[in-house]
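Observations on chain architecture
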Amino acid sequence: MAKFIKHYALEIYTVLAMLFIVYTAMLGELSIIQKLVVIDAFLFILHEWEEGHYPGGFLKLITGMVQIDPSDEIKRASRIPAGILLLLLSVVPFFYHDVPMIVMVVATFGIIEGFVHTMGIRLFQMKRFYTPGAATAWLELVVSILMIAYLVGNNLGQWQDYVFGPLIMLVCFGMLQKTMTLMVGINYSDMPKMVKRQWSGK
C-alpha cells in the first residue's frame, strides 16, 4: 500500500482534489472567497501536472543545479508532502473563508509560487520567459491578488491577519521545501549557497 501511494502520489492527490471541487459544486451559493479558493484548488492540480509532466521538468532543473539524479520512485514520492499541503490549502480556507488570517495564508502561497517561477527564469537561465509550472503559478498569483484586494476593499482584515497569515505560509512553505529536498537527496542547508552559485553563473 505504501509503495502504491508513493508511486501514484500525484494521481491520488489529483483525484482527492477533484472530489473536493465536485463537492463544492453541490453546495449552492458560495462566498467570493470560497469561489476564489475553488479556482485555486483547480489551479493547484493543473500546476502540479504542468510542473511535473506537461511539459514538466521543474524538479529536473533543481536536481541539475545541485548535480544529483534521484530515482523515478523518489521523484514520485516527493509529491506526497506537496499534495498534503495543497489539499490543506484548498479545504481549510474554503471552510474558514470568513477568517482573514487563513485566507492570507493561501493568498501568500500564490504570491510565493508566482515569485519562485518568475525568478527561476533567471536562475536557471531559461531561453524563454518560462519555467515548467510558470503559467499556472502566474494564474495563482492573480487569484491571490484578488483575494487580498477583496479583504482590503471590504475592510475584513486586521493588521495581524496581514502579518501572521504570510508568516504562517512562509513557515509551511519552508517545511515543505525542506522535506522535498531531503527526499530527493539535497541538504536543505546547502540550498542558499547552491542558488547563489547558480545565480552568478559560476
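Our subject is the structure that appears above.
Bear in mind the structure is a predicted one, so any value in this text is a computation, not a measurement.

1. What about a nonpolar patch on the surface?
Taken together, V22, Y23, M26, L27, I84, L88, V92, F95 and Y96 make up a surface patch of nonpolar side chains, about 860 Å² in accessible area. Elements supplying a minimum of two residues to the nonpolar patch: α2 (9-25) and α6 (79-95). When residues of the nonpolar patch are assigned to their parent elements, the largest contribution, 4 residues, is made by α6.

2. A short note on the environment of L146
Following the sequence through the fold, L146 ends up in helix α8 (residues 134-153). For L146, a relative accessible area of 45% translates into the label partly exposed. For the pair L146 and L36, spaced 110 residues apart in the sequence, the C-alpha separation amounts to 8.1 Å.

3. Brief notes about the packing of aromatic side chains
Per the counting criterion, the structure on display carries 9 aromatic pairs. Where F94 meets F95, the ring centres are 5.2 Å apart and the plane angle is 90°; that geometry is what we call edge-to-face. The class of F94 is buried, set by a relative accessible area of 1%. Centre to centre, the rings of W159 and F164 are 6.3 Å apart; their planes meet at 50°, and the pair counts as tilted. Relative accessible area serves as the criterion here: at 39%, F164 is assigned to the partly exposed category. Each residue in the set F20, Y23, F94 and F95 is aromatic and connected to the rest through ring pairs, giving one cluster.

Quick notes on the rules
- Residues numbered from 1 in each chain as written.
- Predicted model: local features only at pLDDT ≥ 70, side-chain atom pairs only at ≥ 80, totals over all residues.
- Heavy atoms only, no water.
- Patch = residues over 30% accessible without salt bridge, like charges linked within 9 Å, V, L, I, M, F, W, Y side chains within 5 Å.
- Areas by Shrake-Rupley, 256 points an atom, 1.4 Å probe, with all protein chains shown as cover.
- Salt bridge = Lys/Arg side-chain N within 4 Å of Asp/Glu carboxyl O.
- Helix = DSSP H or I, 4+ residues; strand = E, 2+ residues; numbered from the N terminus.
- Buried < 20%, exposed > 50% of the residue type's maximum accessible area, 1.4 Å probe, protein only.
- Phe/Tyr/Trp six-rings, centres within 6.5 Å; stacked < 30°, edge-to-face > 60°.

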